[in-house]
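Now for the letters of each chain:
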Amino acid sequence: LESGDTIETGTGSIQMRMGDGAFFSLQPNTKFRFDEYHRNPNNPTAARSFLSLIKGGLRSVTGLIGKDNRKNYRLNTPAATIGIRGTDFSVMSKDKGDTFSVSSGGISVCNSGGCVDVDAGQSAFTPNQTVRPVITLTLESSTPINSEKLLGAPTAESELSTSSSVVKDVQA
């Protein structure tokens with residue numbers, strides 16, 4: 001995969017392990033783009049992982065790029081931009097907005113309306129780029145997150161596994 005490549009899953013799903021150890025699990029009907037992705041083991045500050053979730057859902061566990069320099073990892077969605085803090089997280093982008101859930105670590109969800117930090121066991125939601133993201137649910141990290149009842153529509157939590165038993169982000 002190279003910078004500029006786009007992946008569309010159609011009715012299937014895909015799991016990818018990147019060269020820096022990052023893991024992505026793309027759900028059915030997802031469109032995902034590598035805006036800028038390159039790793040430089042000799043110069044970690046030059047590495048970049050700038051990505052876009054155009055539609056659909058994914059789970060991400062950050063790799064060395066995000067661990068070496070958090071500012072070099074960014075995931076754009078239709079309603080926000082995510083920055084990471086040693087993280088295993090999920091995001092679902094739908095017509096009604098984007099829902100973000102964190103299994104371990106934390107993310108910063110930002111748009112023109114403002115930013116919110118989302119920590120392990122929390123979920124956040126924003127309907128678009130102009131409404132500040134808000135925390136929608138805070139649970140113990142061992143409790144599965146399901147804000148479907150809270151939001152009244154299927155969300156990342158109801159469609160993506162937030163269990164860390166499948167993949168764990170190893171802290172260096």
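Overview of the structure.

Scoring rules and cut-offs
Residues numbered from 1 in each chain as written. Predicted model: local features only at pLDDT ≥ 70, side-chain atom pairs only at ≥ 80, totals over all residues. Heavy atoms only, no water. Helix = DSSP H or I, 4+ residues; strand = E, 2+ residues; numbered from the N terminus. Polar contact = N/O pair within 3.5 Å; in protein donor to acceptor, adjacent residues only side chain to side chain. Core = buried A, V, L, I, M, F, W, Y, C linked by side-chain atoms within 4.5 Å. Buried < 20%, exposed > 50% of the residue type's maximum accessible area, 1.4 Å probe, protein only. Contact = heavy atoms within 4.5 Å. Pairing = 2+ DSSP bridges.

So, about the environment of Arg17. With respect to the helices and strands, Arg17 occurs in strand 2 (residues 14-17). Residues Arg17 and Gly63, 46 residues apart in the sequence, show an inter-C-alpha distance of 9.2 Å. A distance of 2.8 Å separates a polar side-chain atom of Arg17 from the backbone oxygen of Gly21.

Core analysis: the biggest nonpolar cluster contains 28 residues, and Phe32, Leu75, Phe89 and Ile107 have the highest contact counts within it. Where this core is concerned, the elements lending two or more residues are strand 3 (23-26), strand 4 (31-38), strand 5 (48-61), strand 6 (73-76), strand 7 (81-94), strand 8 (97-111) and strand 9 (114-119). Setting aside its immediate chain neighbours within four residues, Phe89 contacts Leu58, Arg59, Ser60, Tyr73, Leu75, Ile82, Ile84, Ser101, Val102 and Ile107.

So, about the pairing of strand 8. A large share of strand 8 lies buried, amounting to twelve of its 15 residues. Pairing geometry for strand 8 and strand 10 (residues 122-126), over four bridges, is antiparallel. Paired with Asp98 across the bridge in strand 10 is Thr126. Pairing analysis gives six bridges linking strand 8 to strand 9, with the strands arranged antiparallel. Residue pairing in the sheet places Gly106 in a bridge with Asp119 of strand 9. Linkage of strand 8 to strand 9, two consecutive antiparallel strands, is achieved through a turn of two residues.

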